[in-house]
Amino acid sequence: MNKLNPRQIEAITAPDGPVLVLAGAGSGKTTVLIERIAYLIRERGVLPYAILAITFTKKAAEELRSRLTKQLGIGANDVWAFTFHAACSKILRRDIERLGYTKDFTIYDTDDSARIVKMCLNDLQLDPKQFNPRAMHACISREKNADVPPSRYEENFGGGKQIQEIYTLYVKRLRLNNALDFDDILLKTVELFEKNPDVLEFYQRKFRALLVDEYQDTNTLQYKLCAMLSAKSRNIFVVGDDDQSIYRFRGATIENILSFEKEYPDATVIRLEQNYRSTQNILTAANNLIENNLGRTGKSLWTDTGSGQPISLCRAENDYYEADYIADCIERHVNGGGKYSDMAILYRINALSNRIEEALRRRSIPYRVIGGTRFFDRAEIRDMLAYLHILNNPADDLRLTRIINIPPRGIGDKTIGGVIAEAAAKGVPMMDIIKQSAHPALARFYKIYENLRDLIDTMPLTELYDTLLETTGYVRVLREKNDFESDGRAENVMELKSTIKKFGDDFAEGTLSEFLESVSLATDVENYDAGANAAVLMTIHSAKGLEFPTVFIAGLEEGIFPSLRSLDPMDLEEERRLCYVAITRARRQLHITYSASRTLYGQSNYSPVSRFIGELPNECVEKAEHAVKAAPYGDMRVEATVRRTTEGRPYGVSSQRATGSRPYSVTPSPEVSFTKGSTVNHKAFGRGTVTNVSPMGGDALIEVAFDTVGTKRLMQKTASAHMTVES
DNA sequence: AGCAACCGTGTTTTT
DNA sequence: CACGGTTGCT
């Protein structure tokens, strides 16, 4: 304990009962959590299995577990260190039968859930255009997280009768499919406890101590869970930072941490304000920014390690230059002896990564993108997982309809519609209907299914997967297509086998059901390998809890950061906290960039600089020269939007993005290019000379001095259809 | 039944 | 821009 400061020691050795640790960014929060657990075990005689430590991300849980093992040895394995979702899943796997589900229950992600909503709309004959399935699901999710059942829906929303109907049917459908959505994992656990006091009491007795990380991000349901679990022992130790609450949109309520002292008047409250991560310049900037928020507990970070480099601020003309500036900085950093892996590029929205990826690729800078479209979200992976899901849970109609005719096996819309109707009429899963069907294609499908199903208890998962590939013909059909995209997809399908193998290596006794659960709860951040020498790109949300020597924050423009959709005061405060989180990720050097114009969603727009930049103190900030060595777009050729698809190792390598359920779009490079000085011939305007080319979004604005009609400005993409280059 | 081409629309952040 | 859904052809 000799490396700890007095405040930290106070937190670690706090007496029994409720404890609130308000821990600023970089103040050694995780260390305190770990030391507290070690202290409880060593000094207070608490047994490891009587400790429940909850985190928000899998990565945090893993880090907690590995550091505990280092500290305590093998006994640490008995500590329950999980995310809310993982802990609840574990509780549910044990007792969910009391709620009428079977233990093989399936977990639906946001995408699956939206599809279920869509089916509900169909049943209710409502127009999916009027009731956007994703928005409807967001509504339902919000209500679930606030613990509002369908029957009470209207109390919250006047005139929401149809939404209530959708919500009701949605709940029914999930149950029929023996499925839980993300929110249900928490909701059903609470329900389990409420309906079965003996189960609750079992866990209340089991857990002598509850510790919660990132407490500022808990929502009503999670709050309720914590309160229930600690009601007997009253040993609830929470760590958090109200300034870093960034999940309001997911129902997190900052009230939970702000009112902790009211809730537990006898609580021990400790503030950790000494920062061990960043330079004073970075901290001063962060402090100044966050002071613009009201309703904080009030905290000011400090360090004794010196002021460090000023924060560099760069204004770019457009997003191409912004990206190139970042790439240039990284290149110079590495030329000066630094590592690529020192650098992280953070942004508010995933859509900003594309331009930056292009710039990094152009300079051959190794990078990896965290988040965005996940490996598990690729169409072909979803297909394979769907097969595994129906083997695990035959009632999973959603997954069944996804793959029943993939690859094509003669089961068309009409046949599927018949099965759905009959299943609905009888109130049974679709598989029951298929089993008895005389339809030859359906019978053939059932045979495939049945044969595989017979193997799940006896065959190792990887072999089962091989057999699955074999009997469904999925890979064979891909290979037969013999094109670039299908090859990539086939590779991805094989890559899933590596995931399965790794799961088998990690959990020798792991079942299919557990594998699927691990996939459902997986995120991309935990796949981030800090050991690889590559720059990292991710959203600020993903970056929470991480730190890097050098951080770039890109896209500091009004409408992007803060987001256009977050302009009312409460949302704006959350955006500001997000910015605070971003700034405090940096250890030594922080670069902030913004762009006068930006092409987003296929449209180019001008936006003013973000208000957050004005909230940084001048003395910490230095304007950066826009040092573009060889102007990369000077004699511009329109860059084709050639996306690297899936060559190389399909996952975890830089520069790959899935483009959803359709084949990847590969646009060939346009042959025509106009450069300054070339002579052109236009269908309508005749002969002319190109006098200027400037980049403009994914296009370019070209100026042409025509021989007869004078100078005109044209967009290259449009003009190329009417204009040729004269040789 | 299956495929290709077209149109219209929405697009933050994620356990 | 990129998706989902629809239409129309084979």
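Note that the structure is predicted; figures quoted are calculated from it, not measured.

So, how was this worked out
Residues numbered from 1 in each chain as written. Chains lettered and ligands numbered in written order. Predicted model: local features only at pLDDT ≥ 70, side-chain atom pairs only at ≥ 80, totals over all residues. Heavy atoms only, no water. Near = heavy atom within 4 Å. Polar contact = N/O pair within 3.5 Å; in protein donor to acceptor, adjacent residues only side chain to side chain. 1 Å grid on protein atoms, 1.4 Å probe; cavity = no way out; pocket = protein on both sides within 12 Å on 5 of 7 lines; lining within 4 Å. Points joined across faces, edges and corners; volume = space filled by probe spheres on them. Helix = DSSP H or I, 4+ residues; strand = E, 2+ residues; numbered from the N terminus. Phe/Tyr/Trp six-rings, centres within 6.5 Å; stacked < 30°, edge-to-face > 60°. Buried < 20%, exposed > 50% of the residue type's maximum accessible area, 1.4 Å probe, protein only. Contact = heavy atoms within 4.5 Å. Core = buried A, V, L, I, M, F, W, Y, C linked by side-chain atoms within 4.5 Å. Expected span 1.5 Å × (residues − 1). Pairing = 2+ DSSP bridges. Axes fitted to C-alpha atoms, helices over the stretch in contact; angles between N-to-C directions.

Colleague: So, the protein's contact with DNA strand B: which residues are in play, and what are the values?
Modeller: Every one of the 26 residues lining DNA strand B counts as a neighbour, but Phe56, Arg348, Asn405, Thr523 and Thr539 are closest to it. In DNA strand B, atoms within 4 Å of the protein come from the sugar-phosphate backbone in 57% of cases. Backbone polar atom of Asn350 to a phosphate oxygen of DNA strand B: 3.0 Å apart, as the coordinates give it. Within the side chain of Thr539, an N or O atom sits 2.9 Å from a phosphate oxygen of DNA strand B.

Colleague: Summarise empty space enclosed by the protein; cite the residues concerned and give the values.
Modeller: Within the structure shown, the criterion is met by three cavities of 30 Å³ or more. Every residue along the wall of the largest cavity is listed here: Tyr387, Ile390, Leu391, Phe445, Ile448, Tyr449, Leu452 and Leu468. Every element with two or more residues in the lining of the largest cavity is listed here: helix 17 (379–392) and helix 21 (440–453). The element best represented in the lining of the largest cavity is helix 21, accounting for four residues.

Colleague: Which residues make up the packing of aromatic side chains, and what are the values?
Modeller: For the coordinates displayed, the defined rule picks out 15 aromatic pairs. Their ring planes at 70° and their centres at 5.6 Å tell us that Phe56 and Phe84 sit as a pair that is edge-to-face. With Phe56 in the loop between strand 2 (51–55) and helix 3 (58–72) and Phe84 in helix 4 (residues 84–95), this residue pair connects regions lying 28 residues apart in the sequence. Judged by centre distance (5.8 Å) and plane angle (85°), the ring pair of Tyr215 and Phe260 falls under edge-to-face. With a gap of 45 residues between them, Tyr215 in the loop between strand 6 (209–212) and helix 11 (220–230) and Phe260 in helix 13 (residues 260–263) connect regions that are remote in the sequence. Phe260 matches Tyr215 in its accessibility class, with the two residues each being buried. One aromatic cluster is present, formed by Trp80, Phe82, Phe193, Phe202, Tyr203 and Phe207 through successive ring pairs.

Colleague: So what's going on with the environment of Ser245? Which residues, and what values?
Modeller: Looking at the secondary structure, you find Ser245 in the loop between strand 7 (236–240) and helix 12 (255–258). In this structure the C-alpha to C-alpha distance between Ser245 and Gly24, which are 221 residues apart in sequence, comes to 12 Å. When residues no more than four places from it in sequence are discounted, the contact partners of Ser245 are Gln216, Asp217, Ile254, Glu574 and Arg577. Polar side-chain contacts of Ser245 include one of 3.4 Å to the backbone oxygen of Gln216.

Colleague: An account of the nonpolar core is requested, with residue identities and associated values reported.
Modeller: Judged by nonpolar contacts, the single largest core of 64 residues is most densely connected at Ile330 and Ile553. Leave out the neighbours within four places in its chain, and Ile330 touches Tyr340, Met343, Ile345, Leu360, Ile365, Ala535 and Phe552.

Colleague: Mind laying out helix 5 (residues 110–124), listing which residues take part and the relevant values?
Modeller: Its 15 residues place the ends of helix 5 21 Å apart at the C-alpha level, agreeing with the 21 Å of an ideal helix rising 1.5 Å per residue. Turning to helix 5, its buried residues are Asp112, Ser113, Ala114, Ile116, Val117, Cys120 and Leu121. Those residues of helix 5 hidden inside the fold are in contact with strand 4 (106–108), helix 6 (133–145), helix 8 (161–176), strand 5 (179–181), helix 17 and helix 18 (397–403). The N-terminus of helix 5 is capped by Asp109, whose side-chain oxygen sits 3.0 Å from the backbone nitrogen of Asp111. Just past helix 5, the residue Gln125 takes up positive phi, approximately 55°.

Colleague: Pulling in residues and values, what's your account of the sheet that holds strand 1 (residues 19–23)?
Modeller: What the six strands build is an open sheet, ordered 3-2-6-7-1-8; its pairing is parallel. Edge positions in the sheet fall to strand 3 (80–83) and strand 8 (268–272), since each has one partner strand and no second. Averaged over all adjacent pairs, the angle separating strand axes in this sheet is 15°, with direction ignored. Packed on one face of the sheet, helix 2 (residues 29–43) meets strand 1, strand 2, strand 6, strand 7 and strand 8 and runs near 165° to strand 7.

Colleague: An account of the pairing of strand 9 (residues 311–318) is requested, with residue identities and associated values reported.
Modeller: Burial of strand 9 is extensive: six of the eight residues sit out of reach of the surface. Here three bridges tie strand 9 to strand 16 (residues 621–623), and the two strands are oriented parallel to one another. Following the sheet pairing, Ile311 is matched in strand 16 by Val621. As paired elements, strand 9 and strand 14 (residues 586–600) share six bridges and run parallel to each other. Within strand 14, the position partnered with Leu313 by the bridge is Ile592.

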